[in-house]
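# Summary of structural features
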Amino acid sequence: MARGRFDQASSHVQWMVIRNTSSFLRKRKLGTLTTEPNNLRNRNTFRSNGLIHPKVVGVETVKDGKGVLFTTGCVKNIKKPAKRFRKVKLTKDSRRTLTSIRRTIRKQRYRKDLKMAALRRASALLRGQRLALTTTPPSTTTKTSSKRSGKNTTTTTSS
Amino acid sequence: MAASRPLVSVYNEKGQSTGNSVVLPAVFRAPIRTDIVNFVHDQMRRNKRQARAVSDKAGEQTSAESWGTGRAVARIPRVRGGGTHRSGQGAFGNMCRGGRMYAPLKVWRKWHRKINLKQRRYALVSAIAASGVPSLVLAKGHSIETVPEIPLVLSDKIQDLKKTKEAVGVLRKIGAWSDILKVYASKHTRAGKGKMRNRRTVMKRGPVIIYDKDNGVKKAFRNIPGVSLLSVERLNLLRLAPGGHVGRFVIWTESAFKKLDALYGTWSKKSQLKVDFNLPQPIMTNSDLGRLLKAFEIQSVLRAPIKRQARRKVKKNPLKNISLMSRLNPYAAVQKRRTLLQQLKGRRTGTTAESKIAARKERTHASLKTKRLSGVNLVKKTKKQQIGATTTTTTTATKTTVSTKSS
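Residues numbered from 1 in each chain as written. Chains lettered and ligands numbered in written order. Predicted model: local features only at pLDDT ≥ 70, side-chain atom pairs only at ≥ 80, totals over all residues. Heavy atoms only, no water.

## Here's the deal with the pattern of salt bridges
Applying the stated rule across the entire model yields 13 salt bridges over all chains. Residue A:Asp93 is joined to A:Arg96 by a salt bridge in which the shortest nitrogen-to-oxygen separation is 2.9 Å. Overall, the relative accessible area of 37% leaves A:Asp93 in the partly exposed class. Salt-bridge contacts for B:Lys258 lead to B:Glu254; the nearest nitrogen and oxygen are separated by 3.2 Å. Remark: B:Glu254 and B:Lys258 occur in helix 8 (residues 254-264); sequence separation between them is 4 residues, near one turn of the helix. Taken together, the shared-partner salt bridges in this structure form one network comprising A:Arg47, A:Arg111 and A:Asp113. (Salt bridge = Lys/Arg side-chain N within 4 Å of Asp/Glu carboxyl O. Buried < 20%, exposed > 50% of the residue type's maximum accessible area, 1.4 Å probe, protein only. Helix = DSSP H or I, 4+ residues; strand = E, 2+ residues; numbered from the N terminus.)

## Quick notes on the packing of helix 2 (residues 94-107) of chain A against helix 3 (residues 115-134) of chain A
Residue and element names in this part refer to chain A. Taken N-terminus to C-terminus, the directions of helix 2 and helix 3 make an angle of 160°; their axes are 10 Å apart at the nearest point. The pairing of helix 2 with helix 3 is recorded here as roughly antiparallel in orientation. For helix 2 against helix 3, the interelement crossing comes out right-handed. In this structure, helix 2 contributes Ser-94, Thr-97, Leu-98, Ile-101, Arg-102, Ile-105 and Arg-106 to the contact, and helix 3 contributes Lys-115, Ala-118, Leu-119, Ala-122, Ser-123 and Leu-126. Of the residues in the contact of helix 2 with helix 3, the class split is 7 nonpolar, 3 polar and 3 charged. (Axes fitted to C-alpha atoms, helices over the stretch in contact; angles between N-to-C directions. Parallel < 35°, antiparallel > 145°, perpendicular 65-115°, else oblique. Left-handed = near helix turned anticlockwise from the far one by under 90°. Contact = heavy atoms within 4.5 Å. Nonpolar A, V, L, I, M, F, W, Y, C, P; charged D, E, K, R; others polar.)

## Side note on the UniProt feature "domain: Ribosomal eL28/Mak16" (unreviewed entry) in chain A
UniProt marks residues 13-127 of chain A with the feature "domain: Ribosomal eL28/Mak16" (unreviewed entry), using the numbering shown here. Helix makes up 29% of residues 13-127 of chain A and strand 22%, whereas the separation of the span's terminal C-alpha atoms amounts to 37 Å. (UniProt positions renumbered as here; feature names shortened; annotations may be inferred.)

## Looking at the nonpolar core
If you look at the biggest cluster of nonpolar residues, it comprises 80 residues, and the most contacted ones within it are B:Leu171, B:Ile210, B:Phe221, B:Trp252 and B:Tyr264. At 8 residues, helix 2 (residues 117-131) of chain B tops the list of elements feeding residues into this core. With residues near it in sequence (within four places) discarded, B:Tyr264 still touches B:Val27, B:Leu124, B:Val125, B:Ile128, B:Leu235, B:Ser271, B:Lys274, B:Phe277, B:Asn278 and B:Leu279. Within the second largest apolar cluster, 17 residues are counted, among which are A:Val57, A:Leu90, A:Ala117 and A:Ala118. (Core = buried A, V, L, I, M, F, W, Y, C linked by side-chain atoms within 4.5 Å.)

## A word on a positive patch on the surface
Residues and elements named next belong to chain B. Together, Lys-193, Lys-195, Arg-197, Arg-199 and Arg-200 give the surface a local cluster of positive charge. Tracing the sequence through the fold places Arg-200 in the loop between strand 6 (188-189) and strand 7 (201-202). Taking relative accessible area as the criterion, Arg-200 reaches 49% and is therefore assigned partly exposed. (Patch = residues over 30% accessible without salt bridge, like charges linked within 9 Å, V, L, I, M, F, W, Y side chains within 5 Å. Areas by Shrake-Rupley, 256 points an atom, 1.4 Å probe, with all protein chains shown as cover. Lys, Arg positive; Asp, Glu negative; His and termini not counted. Charge placed at Lys NZ, Arg CZ, Asp CG, Glu CD.)

## Describing the layout of surface pockets
Taken as a whole, the largest pocket holds about 1200 Å³ of empty space. If you list the elements that add at least two residues to the lining of the largest pocket, you get helix 1 (11-18) of chain A together with helix 1 (34-45), helix 3 (134-140), helix 5 (177-185) and helix 7 (237-240) of chain B. For the lining of the largest pocket, the element with the most residues is helix 1 of chain B, which contributes 6 residues. When the residues that make up the lining of the largest pocket are grouped by side-chain class, the tally is 9 nonpolar, 13 polar and 15 charged. The calculated volume of the second largest pocket comes to roughly 740 Å³. Among the secondary structure elements, those contributing two or more residues to the lining of the second largest pocket are helix 1 of chain A together with helix 9 (289-294) of chain B. With 4 residues, the single largest contributor to the lining of the second largest pocket is helix 9 of chain B. Taken together, the residues of the lining of the second largest pocket break down into 4 nonpolar, 5 polar and 9 charged. For the lining of the second largest pocket, the two domains that each supply at least three residues are domain 1 (10-53) and domain 2 (62-133) of chain A. (1 Å grid on protein atoms, 1.4 Å probe; cavity = no way out; pocket = protein on both sides within 12 Å on 5 of 7 lines; lining within 4 Å. Points joined across faces, edges and corners; volume = space filled by probe spheres on them. Domains from an automatic or database assignment.)

The structure is reproduced here in structure tokens:
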């Protein structure tokens, strides 16, 4: 992160603002979750928050299609929302998708702490897509499975 | 102040970057104090209230008097006279039907709040600073994913717009339209009596347009749902931090943006347009905790981290816990295995200790029985048996072969 760029609004300060007050927060009995875009676990924690950090990893499904959208945050363009994220469509088989995610994170040393979370989320989303294909009813299943966090899907959709 | 003040590009009405750029005003580096914003917002919100009260005559327009005791009724004042339902009913009390309320509302309630000038300005400054942080604007709920830059500065041509159609076109081109669409989607009927009090629909807030000179901006933008208009010279916290939460999406015009330094000052220069005001000093010059913790000055004084903490160990009993026993006495495992095997064998062939004891018992019983029947002195026999028993016990400790001989 560039020195002095966010003197008073470092990610820690932003976290103190966001942690309890955010339009993405969902507080429920089973715990607090967030729906912000690049949060791999949808957990409301400093590390996994998708808004605060300049380096951010996101995995979402490709809308109406196969594959996964792998997002990384561009550090240069924190202030330019239109250019902030680098999105890559990974539409090959799951093995290739997962390796490309793994390698991007590992080789670039880009948020290594999020590597497993990214992989789990990607595999859960891909699994949902595969299951959606086998159970013939139309694409609504893919969308709902992509909304839930990775870990939940793996336990619930054990058909 | 070690705050870096980068250049912010100015965009034209078509959403393209013009060549110009402005240095980020120092306000955007001010400390973001949501607690102050919340407090000041709370106080400010009370200032638009209109007095309301209950008529002071309400419930008092009777000449009711209590009947006292001895009449088998409660002692509240009752209405005099007769010939109507009302006579004899309770009056005056807050618990009575048609009585006055508890603590009737008075007009002279303190409706408005005075807020210290410094606090007001601090809050405003924090709100402006927060509007320059994209994550806070996103967290507030605005869709700014397609906006070219935050803070968003448009050329002064915006101030000359006359038609709402053009205004809409501008918002579309700069990527702010998705925020307006959100506003459209959020329109719903108000819950509560406000419905019938001319406050029927409620909707979200969209972007604020902050201008320097109104040459038609206000009229052009004001009919677009969600949009607020503000003049730089008269910024309103209630519009910059609606709901008491910082991070509203702000669209500045170039001259408005340039005026911010004159209005709020930089730390090295006081404000020119406000009397005796300079930006508030932050408590930490460097708020990046991550960097601070990694800094040499701190790291050199820390002790090594305890990665593996020695926790309280539950003491287990070796006599019951085989793995612990074999850790203390490796031969114990061997012994145990052997006895187990013996037991297994003995269970089939009757050579285990239990089976031997059982067999011996049977023999003594049998011989005692025969002796009794034959009328021999039993005492002697028991002694013999005891001697015999001892010999058998010693032999059982060693090898199986010996005990078989004796029995």
